[in-house]
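Each chain is listed here by its residues.
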Amino acid sequence: MTGVPADDLRDRPSYPAAEAGRLVGLNPARVRRWLRGYDYLHGGAVRRQAPVVQRDGARGTSYASFLDLVDLLFVKRFLDHGVSLQRVRAALREAFEILGTTRALRETFFTDGSDIYVRVRHTGDAILELLSGGQWTIAPVIQQLSTQIEFESPGGLARRWYPLGREGHVVLDPFMCFGRPVLARKGVATANVYDLFRAEDERIEAVRAWWELTSGEVEAAVRFERQLAA
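These figures come from a predicted structure and were not determined experimentally.

### Re helix H1 (residues 17-24)
- Considered for burial, the residues of H1 that qualify are Ala17, Ala20, Gly21, Leu23 and Val24. Down the axis, H1 shows its buried residues gathered within 165° of arc, on one side only.
- Contacts from the buried residues of H1 go to helix H2 (28-36), helix H3 (66-80), strand S4 (158-161), strand S5 (170-172), strand S6 (181-183) and helix H10 (215-229).
- Of the residues trailing H1, Gly25 is marked for its positive phi of about 90°.

### A few points about the packing of H1 against H3
- Their axes nearest at 10 Å, the elements H1 and H3 cross at an angle of 45°. Taken as axis vectors, H1 and H3 run oblique relative to one another. In this structure, H1 crosses over H3, and the sense of that crossing is right-handed. Where H1 abuts H3, its residues Ala20, Leu23 and Val24 lie against Leu69, Leu72, Leu73 and Lys76.
- A per-class count over the contact of H1 with H3 returns 6 nonpolar, no polar and 1 charged.

### Brief notes about the nonpolar core
- Counting 49 residues, the largest nonpolar core has Tyr15, Leu23, Phe66, Leu69, Leu72, Trp161 and Val193 as the members making the most contacts within it.
- Among the elements that take part in this core, H3 stands out by supplying 9 residues, more than any other.
- The contact partners of Leu23, leaving out residues within four places of it in the chain, are Tyr15, Leu69, Trp161, Leu172, Pro181, Phe224 and Leu228.

Rules and cut-offs
Residues numbered from 1 in each chain as written. Predicted model: local features only at pLDDT ≥ 70, side-chain atom pairs only at ≥ 80, totals over all residues. Heavy atoms only, no water. Buried < 20%, exposed > 50% of the residue type's maximum accessible area, 1.4 Å probe, protein only. Helix = DSSP H or I, 4+ residues; strand = E, 2+ residues; numbered from the N terminus. Arc of directions from axis to C-beta. Contact = heavy atoms within 4.5 Å. Axes fitted to C-alpha atoms, helices over the stretch in contact; angles between N-to-C directions. Parallel < 35°, antiparallel > 145°, perpendicular 65-115°, else oblique. Left-handed = near helix turned anticlockwise from the far one by under 90°. Nonpolar A, V, L, I, M, F, W, Y, C, P; charged D, E, K, R; others polar. Core = buried A, V, L, I, M, F, W, Y, C linked by side-chain atoms within 4.5 Å.

Here it is, written out as C-alpha cells:
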C-alpha cells in the first residue's frame, strides 16, 4: 500500500494521547485505543481489536503524528454526525483496499463526483454509505472538513489543519513549531499568546505590542485555547 516517506515530518510521533485528544475532542483512552488497538474477552478467549487509524511512522506508540491527528479528526467527525464506529471501520477498510493507501484523510475524499465516487461506485458500498448516505453527493461532514484541511498535490495527504477555518489565523503545521497550534502569519504558539493574555489582565493591546500581532490574531488564539479548555 502507498505509505508515507520515512523522513516525512508529518508522520513523526509528536502529540501525546492527552494532547491529541484535547485537539480533536476525544478522551486520551480512546485516542490510545484508536491508535494502537486493544485486547478484549469474547467467549472466554482474548481477542484483538485492530486500530482505527492505520499508521506508518508513529506505529507502536501512543503518541500521534500529524497525519494520525487528522485521521482521528476525520473519524471523530463522522461519529459526531451519528455514524457508528463499525460503519466507519468498514468504509475505511474499503478505502484502503481500493485506493491503495493506509491514510483515511486524503484530498480524494473531498472531490465531489470525481475519483473516489467513480472508483467505488460498484465496489465500495460502505464508503458510499459513509460519505453520502447512499446518494452521489458529498456529505456535510466532508464539506465542513474541507474548509479546515489543506492538502499537498492533487489527491495527496493532509498538509495543514486550520481548526478555525482558513481565515481563522490558527494552524497546525508539522513543519512549524513541531506541529503545535500557532498563529499562521507569525508562528507564535496559541498557548503562549493565551498565557500572556491572561498575565496581562486580558488586555489585547498589551499582547499585540509584545508580538506585533493584530487584534484578530490575538482574539483567534484566545478563542481557540478557550475552546480546547471547554
